[in-house]
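Coordinate analysis (summary)
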Amino acid sequence: MGKITKSDAIREANRRLGNDLLKGSNTTAVNLNSETLLWWININRTKLGQERYVLLAHDCSLILLRIPPNQLKLHESEFKTIHDGRQLNIAISARRDKLYMRDKIGTGYDFSQHVIDRWTWQDITMTFTVETEQEVDGRWIGAVPQIPGALVYGTTPQDAIAKVKALALRIIADRIEHGEVAPELLEVTFKAA
């Protein structure tokens, strides 16, 4: 999947939750460091008295943590600090062993107790552009530029559009079947160029 932005992670989590509970001000979103298998989180000590949400992203998954007010404040001395002690520096382990979901650089605080939801996360909507152009011989070309090989001829613009959409869906289905696109893909949309 690559890296997910904080705003995309919050948008997806709120969509899954069916509300707008998560905001930029109360949520931290981090991507997994694939070399260390750690989620690195920095939390300002002045915010320890507030409820915090943490979104941990890895490949096609998103884990939502809810940390109650003052919970981390109770264990503040257990975490490493940075920026002259103003921020807690937390490294949550993603290794599937006894350290999973524990702070690896502090005393091993267990964050699994704060997990409230997990989702498989994908680019939920794929929007493709359909382009048409008339050839000098009168035939119409339909193309979806984002999908290599999605190019057809039709007798009318509508015919070319219908044929290229069908071909694009066949290509996407083939990619899903061969593991190139996750089957969790929920929605495909076409728009005119």
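Preceding block: the structure.
For the structure given in this document, a descriptive report is provided here.

1. A closer look at the sheet that holds strand E1 (residues 27-31)
An order of E1-E3-E4-E7 is seen for the four strands of this open sheet, with the pairing classed as mixed. Two strands close off the open sheet at either side, each with one partner strand: E1 and strand E7 (115-120). The mean angle between the axes of side-by-side strands here comes to 15 degrees, regardless of whether they run parallel or antiparallel. Across five bridges, the pairing between E1 and strand E3 (residues 52-58) is parallel. Paired with Thr27 across the two strands is Tyr53, which belongs to E3.

2. Observations concerning the pattern of salt bridges
Any two side chains of opposite charge can pair, on the condition that their charged atoms come close. Evaluated as defined, the whole model comprises nine salt bridges. Asp8 is paired through a salt bridge with Arg11; the nearest N and O atoms lie 2.5 Å apart. You can see Asp8 and its partner Arg11 sitting in helix H1 (residues 6-17), three residues apart, about one turn around the helix. For Asp8, a relative accessible area of 29% gives the class partly exposed. In this structure, Asp110 and Arg102 form a salt bridge, with 3.7 Å as the shortest nitrogen-oxygen distance. You can call Asp110 partly exposed: its relative accessible area is 22%. If you follow the salt bridges from partner to partner, you end up with Glu12, Arg15 and Arg16 in one network.

3. Focus: the environment of Gln71
Note that Gln71 resides in helix H2 (residues 71-74). Residues Gln71 and Leu48, 23 residues apart in the sequence, show an inter-C-alpha distance of 7.5 Å. The residues contacting Gln71, other than those within four sequence positions of it, are Tyr109 and His114.

4. Overview of the environment of Asp103
By secondary structure assignment, the location of Asp103 is in the loop between strand E6 (87-93) and E7. Counting along the chain gives 13 residues from Asp103 to Ile90, while the straight-line C-alpha distance between them is 6.0 Å. Excluding its chain neighbours within four sequence positions, the residues that come into contact with Asp103 are Glu78, Phe79, Ile90, Ala91, Gly108, Tyr109 and Phe111. Looking at Asp103, its side chain comes within polar contact range of the main-chain nitrogen of Ala91, at 3.0 Å.

5. Comments concerning the nonpolar core
Counting 21 residues, the largest nonpolar core has Trp39, Leu56, Leu72, Ile90, Ile92, Met101 and Phe111 as its most contacted members. Sorting the residues of this core by element identifies strand E2 (38-44), E3, strand E4 (61-67) and E6 as the ones contributing at least two each.

6. A short note on the sheet that holds E2
Pairing within the open sheet is antiparallel, and its three strands lie in the order E2-E6-E5. Two strands lie at the open edges of the sheet, namely E2 and strand E5 (80-82), each paired on one side alone. On average, each strand axis in the sheet is tilted by 35 degrees relative to the strand beside it, whichever way the strands run. In terms of strand pairing, E5 meets E6 through three bridges, oriented antiparallel. Bridge pairing links Lys80 to Asn89 in E6.

7. Some remarks on unusual backbone geometry
Even without a glycine there, the phi angle at Leu37 is positive, about 55 degrees. Along the chain, the position of Leu37 falls in the loop between E1 and E2. Residue classification places Leu37 among the partly exposed residues on the basis of a relative accessible area of 27%. In this structure, Asp84 takes a positive phi of about 55 degrees despite not being glycine. Along the polypeptide, Asp84 turns up in the loop between E5 and E6. Taking relative accessible area as the criterion, Asp84 reaches 77% and is therefore assigned exposed.

8. Some words on the side chain of Thr27
Looking at where Thr27 falls in the secondary structure, it is placed in strand E1. On the basis of relative accessibility, which here comes to 0%, the residue Thr27 falls in the buried class. A polar contact is formed between the side chain of Thr27 and the backbone oxygen of Lys23, at a distance of 3.0 Å. When sequence neighbours within four positions are dropped, the list of residues in contact with Thr27 reads Lys6, Ile10, Leu22, Arg52, Tyr53 and Leu55.

Quick notes on the rules
- Residues numbered from 1 in each chain as written.
- Predicted model: local features only at pLDDT ≥ 70, side-chain atom pairs only at ≥ 80, totals over all residues.
- Heavy atoms only, no water.
- Pairing = 2+ DSSP bridges.
- Helix = DSSP H or I, 4+ residues; strand = E, 2+ residues; numbered from the N terminus.
- Axes fitted to C-alpha atoms, helices over the stretch in contact; angles between N-to-C directions.
- Salt bridge = Lys/Arg side-chain N within 4 Å of Asp/Glu carboxyl O.
- Buried < 20%, exposed > 50% of the residue type's maximum accessible area, 1.4 Å probe, protein only.
- Contact = heavy atoms within 4.5 Å.
- Polar contact = N/O pair within 3.5 Å; in protein donor to acceptor, adjacent residues only side chain to side chain.
- Core = buried A, V, L, I, M, F, W, Y, C linked by side-chain atoms within 4.5 Å.

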